[in-house]
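Fold and contact review
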Amino acid sequence: MRLLHFFLVLTISCAAYSQQMEIGLFHNKKISQVKIVPVKGDYELYGDTTFLSTIIQGEEITIRNSGNSVSAELKDSAYRGFGELKLIPKINNSSLRYTIAGAKSRLYKDGALFKASKSLLKIINLVTMNNYLSGVIESEGGGGKHIEYYKVQALMSRTYALKNLKRHSKSGFQLCDGVHCQAYHSELRYTPTINEAVLETEGKILVDSSNKLVTTYFAANCGGETCDASFVWNTSVWYVQPFIDTFCMSTRQAKWTKKIKKTVWKSFIEKKYGVFEKDLGEWFYNFEQEQRKAFYIHPSIGIPLRDLRKEFRLKSTFFSSSLEGDYVILRGKGFGHGVGLCQEGAMGMANSGYNYDQIARFYFNGVRVLDYYKDVFFQQESE
Ligand SMILES: [Zn+2]
Ligand SMILES: [Zn+2]
């Protein structure tokens, strides 16, 4: 066991520190060219392994796909016919502005790799883990939050990134910049506290009792009770058992209501599940959910609440319903799937004086925060 632990820790530590992150940018767009400007620091341009030119701060360079290769055009020179082009920063914390047709320009720290992919161009940000995490936390969570909340987000996002390094390996990078992985729409720009949170939790990851990286589920607001993972994905995850969360109950997204036309509700349920209003009477519309349930009306009828959430675009599955005139009125709690960390609850805990370790262990049962600098040292000493 100890040997296994040591091996796991060492593998993660190599992955996280010797290797820079490779993030696919503008992942959902079809791109054939991009304009790049270094906005901070100078860069070196390489074609495959050959040094081509220094790109000084403020200078514009256009990179495009030309058949099966990539080319770079500067003001008075051009380089063509490379399998890949790379921009390597000369100093730390340099950044580039990326502009593609039909989208807002974006800024990202560190280097970049450009590859041809059929008739398109792949843009990959080569970025340190810390700079990547700062960008993710600002893109996902915005500004103005308590530092312990940012620290717990840093812990979750670092754990997620390390667990999913191979998610896009077929596309030639590790993670994408969209919500499919973790939203990463810019370098950190407005919230210096996020940078502090990332640095203060550097090397910290969340592992389960077998020292495996935890799947860091999170959602905006659990509505006062977290959700069993099996209600959402059909598989139970032991470290996210449902429990009462009092930290998120009075926030902005704690409650919601929605009116749906009775005819629309009726028609969906009758057609999809073969369950009829004439057989059930008032039970067809009146549903109470004091504690989280998986099914509408009764489990034996087989209407998963997650189906209703998807069909009617509900904020959560945690609602009760009643009939009022021609409408079904839904009164709901929370926002999101409700599994794992509740972001508004975590903010509430941070504001009440809990630290990030306590917050993480409140939402994930029986897990621990591992410091793998310290753990590698400790394990090496004890082997
Ligand atoms: Zn992705
Ligand atoms: Zn909550």
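Presented here is a report on the structure given in the accompanying data block. The structure displayed is predicted, hence computed values, not measured ones.

Axis separation between helix α2 (residues 129-141) and helix α3 (residues 147-163) bottoms out at 10 Å; the angle between their running directions is 115°. The interaxial crossing formed by α2 with α3 has right-handed handedness. Contacts between α2 and α3 involve M129, L133, V136, I137 and G141 on the former and, on the latter, Y150, Q153, A154, S157 and R158. Grouping the constituent residues of the contact of α2 with α3 by class yields six nonpolar, three polar and one charged.

Our focus in this paragraph is the pairing of strand β6 (residues 69-73). Inspection of the sheet shows strand β5 (residues 61-66) paired to β6 by five bridges, in the antiparallel sense. Residue R64 lies in a different strand from β6, and its bridge partner there is S71. Connecting the antiparallel pair β5 and β6 is a turn made up of two residues, with G67 showing a positive phi of about 70°. Where β6 meets strand β7 (residues 78-82), three bridges bridge the pair, whose relative direction is antiparallel. Bridge assignment links E73 to a residue of β7, and that residue is A78.

Here the focus is the sheet that holds strand β3 (residues 43-47). With respect to topology, seven strands assemble into an open sheet ordered β4-β3-β8-β11-β12-β1-β13, the strand pairing being mixed. Edge positions in the open sheet fall to β4 (50-55) and β13 (175-176), since each of these has one partner strand only.

Turning our attention to the packing of α3 against helix α4 (residues 192-200). Interhelical geometry of α3 versus α4 gives an angle of 55° and a closest axis separation of 8 Å. Considering their axes alone, α3 and α4 lie oblique with respect to each other. In this structure, α3 crosses over α4, and the sense of that crossing is right-handed. Of the residues in α4, those in contact with I147, Y150, K151 and A154 of α3 are T193, I194, E196, A197, V198 and E200.

Positionally, K212 belongs in the loop between β14 (204-207) and β15 (218-219). Residue classification places K212 among the exposed residues on the basis of 11 C-beta atoms within 10 Å. Separated by 155 residues in sequence, K212 and V367 place their C-alpha atoms 9.6 Å apart.

Parameters at a glance
Residues numbered from 1 in each chain as written. Chains lettered and ligands numbered in written order. Predicted model: local features only at pLDDT ≥ 70, side-chain atom pairs only at ≥ 80, totals over all residues. Axes fitted to C-alpha atoms, helices over the stretch in contact; angles between N-to-C directions. Helix = DSSP H or I, 4+ residues; strand = E, 2+ residues; numbered from the N terminus. Left-handed = near helix turned anticlockwise from the far one by under 90°. Contact = placed C-beta atoms within 7 Å. Nonpolar A, V, L, I, M, F, W, Y, C, P; charged D, E, K, R; others polar. Pairing = 2+ DSSP bridges. Parallel < 35°, antiparallel > 145°, perpendicular 65-115°, else oblique. Buried ≥ 20, exposed ≤ 12 C-beta atoms within 10 Å, placed from the backbone.

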